[in-house]
Amino acid sequence: EDQVTQSPEALRLQEGESSSLNCSYTVSGLRGLFWYRQDPGKGPEFLFTLYSAGEEKEKERLKATLTKKESFLHITAPKPEDSATYLCAVQATTSGTYKYIFGTGTRLKVLA
Amino acid sequence: NAGVTQTPKFQVLKTGQSMTLQCAQDMNHEYMSWYRQDPGMGLRLIHYSVGAGITDQGEVPNGYNVSRSTTEDFPLRLLSAAPSQTSVYFCASSSRRGEKLFFGSGTQLSVL
């Protein structure tokens, strides 16, 4: 069964305290892995797409990496404005059709 | 740029009532979709469309109906609301299926 698991569910960091969020997946026919950021009361906002193992993408304090079984979202020296829920989604192809599978997210709180 | 616009932002219904959630995008995207987001669960696909006149079911389609008469609009109809449909609903679009999703700001629906 295709599955996406994110850990931890929640994370509290002090400003400047670097950490990593994990997204592990089991899917057949992986087409891409996506990271989104979701602020309270808003829709998810796209951050990164990763397509193959070994690929890395960076944006400001965020860096996403991908292996054959999991992806990490590394947050370097976070600031309070990085507080949000981070969602991971994988896109898989099955019998010629595409489907997105979302994880339940990691709620990140960065304290000043 | 408006992006993806959803209305209403909040809605309270009584069991058995019907209503339509509106979604419009101004990016000329082919692919549009509806998700629901419930606590402890990832976003789940309700219905999607790959172009005007073409719709298909997602993971949790029961109790919902969609149509796509134009490229811009993709309304979601609740035929006879049930308490199990209490959720936050998101409309999302992409330039084509498989690309990053652009989400609306969501509709918080309560069914009493």
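Residues numbered from 1 in each chain as written. Chains lettered and ligands numbered in written order. Predicted model: local features only at pLDDT ≥ 70, side-chain atom pairs only at ≥ 80, totals over all residues. Heavy atoms only, no water.

(A) The arrangement of the sheet that holds strand β7 (residues 64-66) of chain B in detail. Residues and elements named next belong to chain B. The antiparallel open sheet is built from 4 strands, whose spatial order is β1-β3-β8-β7. This sheet does not close on itself; its edge strands, each paired only once, are β1 (4-7) and β7. Taking each pair of neighbouring strands and ignoring which way they run, the sheet shows an average axis angle of 20°. Direction of pairing for β1 relative to strand β3 (residues 19-25): antiparallel, over a ladder of 4 bridges. Paired with T7 across the strands is Q22, a residue of β3. (Pairing = 2+ DSSP bridges. Helix = DSSP H or I, 4+ residues; strand = E, 2+ residues; numbered from the N terminus. Axes fitted to C-alpha atoms, helices over the stretch in contact; angles between N-to-C directions.)

(B) Expanded view of the state of the cysteines. As enumerated under the stated definition, the model contains 2 disulfides over all chains in all. Two residues share a disulfide in this structure: C23(A) and C88(A), whose sulfurs sit 1.9 Å from each other. Measuring handedness by torsion sign, the sulfur bridge of C23(A) and C88(A) sits at about -60° and is left-handed. You can see C23(A) sitting in strand β3 (residues 19-26) and its partner C88(A) sitting in strand β9 (residues 84-94), a full 65 residues away along the chain. C23(B) shares a disulfide with C91(B); S-S distance 1.9 Å. Measuring handedness by torsion sign, the sulfur bridge of C23(B) and C91(B) sits at about -70° and is left-handed. Of the two residues, C23(B) is situated in strand β3 and C91(B) in strand β9 (residues 87-94); the sequence distance between them amounts to 68 residues. Of the two residues, C23(B) and C91(B), both sit in the buried class. (Disulfide = S-S within 2.5 Å. Buried < 20%, exposed > 50% of the residue type's maximum accessible area, 1.4 Å probe, protein only.)

(C) Representation of the environment of G106(B) within the structure. Residue and element names in this part refer to chain B. Looking at the element boundaries, G106 is found in the loop between β10 (102-103) and β11 (107-111). Classification of G106 by relative accessible area gives buried; the value is 2%. Along the chain, G106 and P8 lie 98 residues apart, while their C-alpha atoms are 8.4 Å from each other. Contacts of G106, omitting those with residues within four sequence positions, involve Q6, P8, K9, Y89 and F90. (Contact = heavy atoms within 4.5 Å.)

(D) Looking closely at the layout of surface pockets. Here the largest pocket is characterised by a volume of approximately 550 Å³. Lining the largest pocket are 28 residues, and of these Q38(A), T85(A), Q37(B), D38(B) and P39(B) lie nearest its centre. Of all elements in the fold, only β9 and β11 (106-111) of chain A together with β9 and β11 of chain B reach the threshold of two or more residues within the lining of the largest pocket. Along the lines of polarity and charge, the residues of the lining of the largest pocket split into 8 nonpolar, 14 polar and 6 charged. I101(A), F102(A), L43(B), R44(B) and E59(B) are the residues nearest the centre of the second largest pocket, which is lined by 21 residues in total. Elements supplying a minimum of two residues to the lining of the second largest pocket: β1 (3-7) and β10 (97-102) of chain A together with β5 (44-51) of chain B. Take the lining of the second largest pocket: its biggest share by element is 5 residues, from β10(A). Looking at the lining of the second largest pocket residue by residue, the class counts come to 10 nonpolar, 7 polar and 4 charged. (1 Å grid on protein atoms, 1.4 Å probe; cavity = no way out; pocket = protein on both sides within 12 Å on 5 of 7 lines; lining within 4 Å. Points joined across faces, edges and corners; volume = space filled by probe spheres on them. Nonpolar A, V, L, I, M, F, W, Y, C, P; charged D, E, K, R; others polar.)

(E) Structural detail: the environment of H29(B). Residues and elements named next belong to chain B. Structurally, H29 can be placed in the loop between β3 and β4 (31-37). Along the backbone, H29 and G40 are 11 residues apart, and their C-alpha atoms lie at a distance of 30 Å. In this structure H29 touches R68, T71, S93, S94, S95 and F102, once residues within four positions along its chain are discounted.

(F) Inspection of the sheet that holds β1(A) at higher detail. Residues and elements named next belong to chain A. Reading across the sheet, the 5 strands line up as β1-β3-β8-β7-β6 and stay open at both edges, with antiparallel pairing between neighbours. Edge positions in the open sheet fall to β1 and β6 (56-59), since each of these has one partner strand only. When the angles between neighbouring strand axes are averaged without regard to direction, this sheet yields 15°. Bridge analysis of strand β7 (residues 62-66) against strand β8 (residues 70-75) gives 5 bridges, and the strand direction is antiparallel. Looking across to β8, one finds that L62 is bridged to I75.

Any link to function would need more than the numbers given here.
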